[in-house]
Amino acid sequence: MLSAEQLVQKIHSYQPSADADLIRRAYHYSEWAHREQQRKSGDPYFIHPASVAEIISDLRLDTASVCAGLLHDVVEDTPSTLQDISRDFGEEIAEIVDGVTKLGKINFTSKEDRQAESFRKMVVAMAKDLRVLLVKLCDRLDNMRTLEHMKPDSQERIARETLEIYAPLANRLGIQRIKSELEDLSFRYVDPDGYKEIVSKLTKSRKERERYIEGVVRTITSRLAEAGFAADVAGRAKHVYSVHRKMKSQQCDFEQVFDVIAFRICVESVSDCYAVLGVIHSRWTPVPGRFKDYIALPKPNMYQSLHTTVIGPGRQRIEIQIRTHDMNRVAEHGVAAHWKYKERISGGVAPEDAEKFGWLKELADFQRNLKDPAEFLESVKIDLFPDEIYVFTPKGDLRVFPRGSTPIDFAYSVHSDVGDRCSGARANGQIVPLRYKMRSGDVLEVMTSPQQHPSKDWLDFAVSGRARGRIRAYLRQEQRTKSINLGRELMEADLRQKGMSYAKLSKNEEELKRLFEAHRFGTWEELLLAVGYGKLRADDVIKTLRSREPDAVEPPKELKPGRIEQIVRKVTGRDHSGIKVSGIDDVLVRYAKCCNPLPGDAIIGFITRGRGVTVHRRECAKAFDSADPERRIEVSWDSRAKVNRPVQLKVTTANKPGILATVSQTFSAQKINISEANCRASDDGRACNVFTFTVADIGQLKTVMKALAKVSGVVDVERV
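Please read all numbers here as calculations on a predicted model, not as lab measurements.

## Quick notes on the overall build of the protein chain
Broken down by element type, the protein chain carries 29 helices and 21 strands. Classification of the 720 residues of the protein chain by burial places 51% in the buried group. For the protein chain, long-range pairs separated by at least 24 residues make up 65% of all intrachain contacts whose partners lie at least 6 apart in sequence. Summing over all exposed atoms, the protein chain offers an accessible surface of approximately 34,700 Å²; the carbon and sulfur share of this is 48%.

Here it is as structure tokens:
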């Protein structure tokens, strides 16, 4: 941990005009505020904000960012308020601290919603000032470095969140150092066995690898010197998670991952980059299809470099990256390399660079249209998808999309009306279906029709968060209209049976006011919607109308327990589901086939009229496709119930004799009976095996998956 003076000296080394007194005051204020607190490790809590400030200074950020790093937990964890921070350190620092602070005082329906809403708030703040996100990333990095002191379930949850949200965010900001470290630290807790295996194999081959790297660096350096280039050459093994990702994408063992080693060449100018590429290709044979020009087409995070893979010494594949010194600085520090200290523009970023982070503004705009925090978080994960494709408009403008995107995504990126009316597309002049997966370099043109409207099928192939959000919004509005009409029909029918007039009631302001107060609705349309969804019975509305004392009527906010049970029992014909609905025991439900939840999974329920309550896993994308948040209901597993649920595992193995028998024995050793197996060999020497069996809970499934992963010849184990 740096002392206050050491921190000041470090900041002065890159920003001589930094306010030393402000940094010292923030340092000592945070130290005093956290004086009685300890971390899980037993260390003084202040070590954490001091470490965060040090990481921020490693990125060479400004004084306000460093001070915010020192103070980022003061408002959340101590009696100090945001007003105190604003008064003592200024509005600028207070705004950054507020953006990073979690929403600890707001009650959400669940822990997951609280996390999602915290992230939503951070998105709004970071769109206004990028420093909010940079401080948050540094905070998360220090927390990940000390994650071993947390409970195992917390370790996995935090690590998975880091891998899905924060590492991709670091990547989008171009901060490769933080992105790589976050990925490796997360991988260590998400898949401990896989992490240890790769680290062990990298360690065993380290000396041999270091000798190889030294030899290649000498060869490249001398070759370039002969050609008249002054270049810095370095080599390294790819980080652990990068190797794991290659093993998974190529479905191979560690020994079959060829380009584990990457070399970087830094030269003076862009023209030198292309000239050096020619020297490298004249020395070693390039691998076809493995050349990428990120100088001519920079990544959205401003990363620029030439990438080529060649057959190097010993017939080994090696990746070589060629860039200028300035490009290398951006590759290491991302947006932080473009920081401006003299004036505060877009949170410290120059206007020409701020434009490249328009995706943050879009994210902030997007969240305003999504009321459901969990859906917003799910959409963000899609938009942070690490692989991108580059597609051109007919006018030659470049647009970037997640890999796998289709013309629907392209249409919605132009305008929501264009997306809603999209009826077809042309790629490179040829008519293509809406399911067509766009490829880098495509020139895409969208065709529209006034008669066209979004359909639920579009959600099967739309990829970007913007497109999926717009489609869902349209479908929900359509569903909402249908439910209001259904509610009106039910009310009319019940009122008619009781000799009452629907037309008169809908115009009687005094009676409507009584209804709204008794049932807690603001408008007649909201009440009809609740009836249409099945949350409120028309009979309960009529009872309220006939009651002289509306306060005596118990306001049925949702379906009463008996009503839910009647609906679900009628549909399922079963006696016990093992699910509690809104704290009510013994409610039978339907399990969603799209995600097949198991006891122990985080789950959520949706009321489906005529079919009871459908339960999804919380991370299931299908759960949010067209379900209105108003239909959501909190559900939880009943610990007293013994529920065996069917599940499928996809086990990818080497195609060799005896492997299937070994895998089957592993199931038997875990006392699990395979009810169905589908095994298929492929041309690449692999076999894809899908096993169906029943388990009691998620813990038993994880035990089976870990045991299978340890079997020699098993490449990958994945829950279907």
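## Brief notes about the environment of Val279
Here Val279 lies in helix α15 (residues 270–283). Judged by its relative accessible area of 14%, Val279 is buried. Each C-alpha atom of the pair Val279 and Ile220 lies 9.1 Å from the other, and the pair is 59 residues apart in sequence.

## Comments concerning the confidence of the model for the protein chain
With 82% of its residues at a pLDDT of 70 or more, the protein chain has an overall mean of 81. In the model, residues 103–109 has pLDDT below 50 throughout and makes 11 contacts with residues more than four positions away in sequence or in other chains.

## Concerning the pattern of salt bridges
For the structure on display, the rule yields 23 salt bridges. Residue Glu183 pairs with Lys179 through a salt bridge whose shortest N-O separation is 3.8 Å. Taken together, the positions of Glu183 and Lys179, both in helix α11 (residues 176–190) and 4 residues apart, correspond to about one turn of that helix. An identical accessibility class is assigned to Glu183 and Lys179; each is buried. Where Arg514 meets Glu511, a salt bridge forms, and the shortest distance between an N and an O atom there is 3.0 Å. Pair noted here: Arg514 and Glu511 are both in helix α24 (residues 509–519), with a separation of 3 residues, about one helical turn. The exposure class of Glu511 is partly exposed, given its relative accessible area of 22%.

## Points about the nonpolar core
Among the nonpolar cores identified, the biggest contains 73 residues, and Leu7, Leu71, Ile85 and Ile93 are the most heavily contacted of them. If we skip the residues at most four places from it in the chain, Leu7 touches Leu2, Ile23, Tyr27, Ala53, Glu54, Ser57, Val66 and Leu70. Core analysis: the next-biggest nonpolar cluster, separate from the first, contains 25 residues, Ile261, Val276, Ile280 and Trp284 among them.

## Some points on the pairing of strand β7 (residues 388–392)
Of all the 5 residues making up β7, 4 are buried; the element is thus mostly covered by neighbouring parts of the structure. The hairpin turn running from β7 into strand β8 (residues 398–402), its antiparallel successor, is 5 residues long, and Gly396 in that turn takes a positive phi close to 95°.

## Topic: the sheet that holds strand β11 (residues 444–448)
Strands sit in the order β10-β9-β11 across an open sheet of 3 strands; the sheet is antiparallel. Two strands bound the open sheet, and with one partner strand each, they are β10 (430–432) and β11. Between one strand axis and the next, the sheet turns through 35° on average, direction left out of account. In this structure, strand β9 (residues 422–427) lies alongside β10, joined through 3 bridges in antiparallel fashion. Bridge pairing links Ala427 to Gln430 in β10. Contacting β9, β10 and β11, helix α20 (residues 407–414) crosses the sheet at an angle of about 80° to β11.

## Some points on the environment of Ala427
Assignment of secondary structure puts Ala427 in strand β9. The buried category is assigned to Ala427, whose relative accessible area is 4%. With 15 residues separating them in the primary sequence, Ala427 and Asp442 have C-alpha atoms 6.1 Å apart. Sequence-distant contacts of Ala427, defined by excluding residues within four places in its chain, comprise Val432, Tyr436, Asp442, Val443 and Leu444.

## Here we look at the packing of aromatic side chains
Taken as a whole, this structure holds 11 aromatic pairs when the rule is applied. Note on Tyr27 and Phe46: the rings are 4.9 Å apart at their centroids and 80° apart in plane angle, and the pair reads as edge-to-face. Note that Tyr27 is positioned in helix α2 (residues 20–33) and Phe46 in the loop between α2 and α3 (47–58), a separation of 19 residues in sequence. What makes Tyr27 buried here is its relative accessible area of 5%.

## Observations regarding unusual backbone geometry
Of note in the backbone geometry, Asn428 takes a positive phi value of approximately 55° without being a glycine. A positive phi angle is found at Lys671, which is not glycine, with a value near 60°. Mapped onto the elements of the fold, Lys671 is located in the loop between α28 (659–669) and β19 (674–681). Since its relative accessible area comes to 78%, Lys671 is described here as exposed.

## Quick notes on helix α6 (residues 82–89)
Listed as buried for α6 are Asp84, Ile85 and Phe89. Projected onto a plane normal to the axis of α6, the buried residues spread over an arc of 100° and lie on a single side. For α6, exposure combined with an orientation more than 90 degrees from the buried face picks out Gln83 and Arg87. Packing partners of the buried residues in α6 comprise α2, α4 (63–71), α5 (74–77) and α7 (91–100). One or two residues past the end of α6 sits Gly90, with phi positive at roughly 100°.

## A short note on helix α16 (residues 325–333)
For α16, the full list of buried residues reads Met327, Asn328, Val330, Ala331 and His333. Those residues of α16 that are buried lie in contact with α3, α11, β2 (261–267), α15 and β6 (317–324). Of the residues trailing α16, Gly334 is marked for its positive phi of about 60°.

Cut-offs applied
- Residues numbered from 1 in each chain as written.
- Predicted model: local features only at pLDDT ≥ 70, side-chain atom pairs only at ≥ 80, totals over all residues.
- Heavy atoms only, no water.
- Helix = DSSP H or I, 4+ residues; strand = E, 2+ residues; numbered from the N terminus.
- Buried < 20%, exposed > 50% of the residue type's maximum accessible area, 1.4 Å probe, protein only.
- Contact = heavy atoms within 4.5 Å.
- Areas by Shrake-Rupley, 256 points an atom, 1.4 Å probe, with all protein chains shown as cover.
- pLDDT = per-residue confidence, 0-100.
- Salt bridge = Lys/Arg side-chain N within 4 Å of Asp/Glu carboxyl O.
- Core = buried A, V, L, I, M, F, W, Y, C linked by side-chain atoms within 4.5 Å.
- Pairing = 2+ DSSP bridges.
- Axes fitted to C-alpha atoms, helices over the stretch in contact; angles between N-to-C directions.
- Phe/Tyr/Trp six-rings, centres within 6.5 Å; stacked < 30°, edge-to-face > 60°.
- Arc of directions from axis to C-beta.

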